[in-house]
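Residue-level structural notes
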Amino acid sequence: MNEKIKLLTDSCCDIPAEIAGEYGIEILSFPITVEGKEYRERIDFSAEEFYEMLTNATQVPTHAQLIPIEFEDLYEAAYRDGYTDVIYVSINAKGSSTFDNSNVAVNNFYEAHPEAKDTIRFHLINSGCYTMGYGMAVIEAAKKIRRGLTAKEIVGSIRDWVENVRILFVPLTLDFAKKSGRISAAAGFVGELLGLKPIITFQDGDSVILEKVRGEKSVIPRLMQMVAADKIPGTPYSIVHGMQPQLTNELIAEAEKKFGRAEYVYPLGPVVAINAGPNVVGIIYKAHHE
C-alpha cells in the first residue's frame, strides 16, 4: 500500500512558523488564558508579545490541554483526504493530558469509522519533553516524508531523537516557575539570594536540577562544558532564549565556536514561558544515551 503521511504536533513544539509552513507541519494551538481572556498560542500573539503580557499580568496566565474533539476533527479530515498514516508528536504527557486525549480521539474515531481500521493508522508519540526538544524531531520527520521514507522509519527516527534529546535551560529568576508550580524542580530551590542559578533538564518527563552555578557569568561556560561532555558529535543543536539578548548572544557565539552553527535559534514559546519565565536561555541537543 502506498503511504500518504500526515504529520501533526502541538504549539509547545516552538517550530518557527515559516518552517512549519514550508514542510506542511500541522500545529494545534494550545489555549492560553491571560487575565481571564482566552487566546490561542501562535495565533493571537508572538512569543515576544507574550513576554510583555506575562510580565505585566497581575495573575499567573494558564494554559489548557487540547481536548479529544480537536484531534477527532483532524483525524476525520485526514481520513477524508486519503491519508494512510497520521503521526502526532505531543507535549510531555507528564505536563499535560493532551497526549492521553489524542489517544482517546483515536478510539472515538475508530468507533465512528470501524471500516477505517484497515486504511488509516495512527502513530502517537509522547515526546517526554518540551519546546524544540521534540520540535527538531518533527522538522526532521517532515523532511523524511519529503524524501519518501516509510511511516515506520519516520516513527523510529522520532523515537530515537526524543529518547536521547537533552534540554539544558537556565531560568535567571524562578519567580514564574514557583508561581506556576509546573516545574517541580524549582519548588525547593534555595540559593537565589546567594546569586545561584539552576541548570535544569528533563529526565523521564520530570524536571531535574543538574547543577547550581554562581552568577550569570558562570552560566554559559558551564553550559558549554556540560554539552561538550555528552553531545553526540556532528548532530544538530538549537538555542532557545527569552528576554536576555546579551546572554543569548554570548551563548550563540560560544556554542558556534565549539559545535558549529546552531540549527535553530528561536524564542521560547508561551506554554513553557508561563512556567519557566521569559528570562531564560537554553540549549537542546542529542546526547549519548545513559
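This text goes with the structure placed above it.
What this report covers is the structure whose coordinates are included nearby. (Residues numbered from 1 in each chain as written. Predicted model: local features only at pLDDT ≥ 70, side-chain atom pairs only at ≥ 80, totals over all residues. Heavy atoms only, no water.)

1. What about the environment of His 288?
By the element assignment, His 288 lies in the segment after strand S13 (280-286). Along the backbone, His 288 and Val 165 are 123 residues apart, and their C-alpha atoms lie at a distance of 8.8 Å. Residues in contact with His 288, not counting those within four places in the same chain, are Asp 230, Lys 231, Ile 232 and Pro 233. (Helix = DSSP H or I, 4+ residues; strand = E, 2+ residues; numbered from the N terminus. Contact = heavy atoms within 4.5 Å.)

2. A few points about the pairing of strand S1 (residues 5-10)
Consecutive residues of a regular strand have side chains that alternate between opposite faces of the sheet. Of all the six residues making up S1, six are buried; the element is thus mostly covered by neighbouring parts of the structure. Along S1, one buried face is formed by Ile 5, Leu 7 and Thr 9 and the opposite face, lined by Lys 6, Leu 8 and Asp 10, is buried too. Two elements, S1 and strand S6 (residues 85-90), share five bridges in a ladder whose sense is parallel. In the strand pairing of S6, Ile 5 is matched with Asp 85. (Buried < 20%, exposed > 50% of the residue type's maximum accessible area, 1.4 Å probe, protein only. Pairing = 2+ DSSP bridges.)

3. With respect to unusual backbone geometry
The general pattern is negative phi for most residues beyond glycine and trans for most peptide bonds. The phi dihedral of Asp 14 is positive, around 60°, even though this residue is not glycine. Position of Asp 14 relative to the elements: it lies in the loop between S1 and helix H1 (17-23). Take Asp 14: its relative accessible area is 8%, and that puts it in the buried class. Backbone geometry places Asp 204, a non-glycine residue, at a positive phi of 55°. Positionally, Asp 204 belongs in the loop between strand S9 (196-203) and strand S10 (206-214). Residue Asp 204 is classed as exposed on the basis of its relative accessible area, which comes to 72%.

4. Some points on the sheet that holds S6
Neighbouring strands of a sheet are bound in pairs by backbone hydrogen bonds; such pairs are parallel or else antiparallel. Strands sit in the order S2-S1-S6-S7 across an open sheet of four strands; the sheet is parallel. Strands with a single pairing partner mark the edges of an open sheet, and in this sheet they are strand S2 (26-28) and strand S7 (121-126). In this sheet, neighbouring strand axes are inclined to one another by 20° on average, regardless of whether the strands run parallel or antiparallel. In terms of strand pairing, S1 meets S2 through three bridges, oriented parallel. The residue of S2 that forms the bridge with Leu 8 is Glu 26. Relative to the sheet, helix H4 (residues 98-112) contacts S1, S6 and S7, its axis offset from that of S7 by approximately 170°. Along the sheet face, helix H5 (residues 132-147) touches S1 and S6 and points at about 165° away from the line of S1. (Axes fitted to C-alpha atoms, helices over the stretch in contact; angles between N-to-C directions.)

5. Some remarks on the packing of helix H9 (residues 219-230) against helix H10 (residues 245-259)
It is the contact of H9 with H10, at a shortest axis distance of 10 Å, that shows an interaxial angle of 35°. When the axes of H9 and H10 are compared, the crossing they make is right-handed. Between H9, through Ile 220, Pro 221, Leu 223, Met 224, Val 227 and Ala 228, and H10, the contact on the second element is made entirely by Leu 247, Glu 250, Leu 251, Glu 254, Ala 255, Lys 258 and Phe 259. In terms of residue class, the contact of H9 with H10 is built from 10 nonpolar, no polar and three charged. (Left-handed = near helix turned anticlockwise from the far one by under 90°. Nonpolar A, V, L, I, M, F, W, Y, C, P; charged D, E, K, R; others polar.)

6. Side note on H10
Helix length check: H10, at 15 residues, gives a terminal C-alpha distance of 20 Å against a target of 21 Å (1.5 Å per residue), a fit within 8%. Those residues of H10 lying buried are Leu 247, Thr 248, Leu 251 and Ala 255. Each buried residue of H10 lies within a common arc of 100° when the element is viewed along its axis, so the set occupies one face. Those residues of H10 that are exposed and angled more than 90 degrees off the buried face are Pro 245, Gln 246 and Lys 257. Its buried side turned inward, H10 meets H9, strand S11 (237-241) and S13. Two residues or fewer after H10 comes Gly 260, characterised by a positive phi angle close to 85°. (Expected span 1.5 Å × (residues − 1). Arc of directions from axis to C-beta.)

7. Examining helix H3 (residues 68-80)
Compared with an ideal rise of 1.5 Å per residue, which puts 13 residues at 18 Å, H3 spans 18 Å between its outermost C-alpha atoms and is within 8% of the ideal. Those residues of H3 that fall on the buried side of the exposure criterion are Phe 71, Glu 72, Leu 74, Tyr 75 and Ala 78. Summarising the axial view, the buried residues of H3 lie within an arc of 165°, below the 170-degree limit, and thus occupy one face. As for H3, its buried residues are in contact with S1, S2, S6, H4 and S7. Phi turns positive, to about 85°, at Gly 82, one or two residues after H3.

8. Side note on the state of the cysteines
Applying the stated rule across the entire model yields zero disulfides. Here Cys 12 is not disulfide-linked; the sulfur of Cys 13 is the nearest cysteine sulfur, at 7.6 Å. In this structure Cys 129 is not part of a disulfide, and its nearest cysteine sulfur, from Cys 12, lies 8.5 Å away. Judged by its relative accessible area of 3%, Cys 129 is buried. (Disulfide = S-S within 2.5 Å.)

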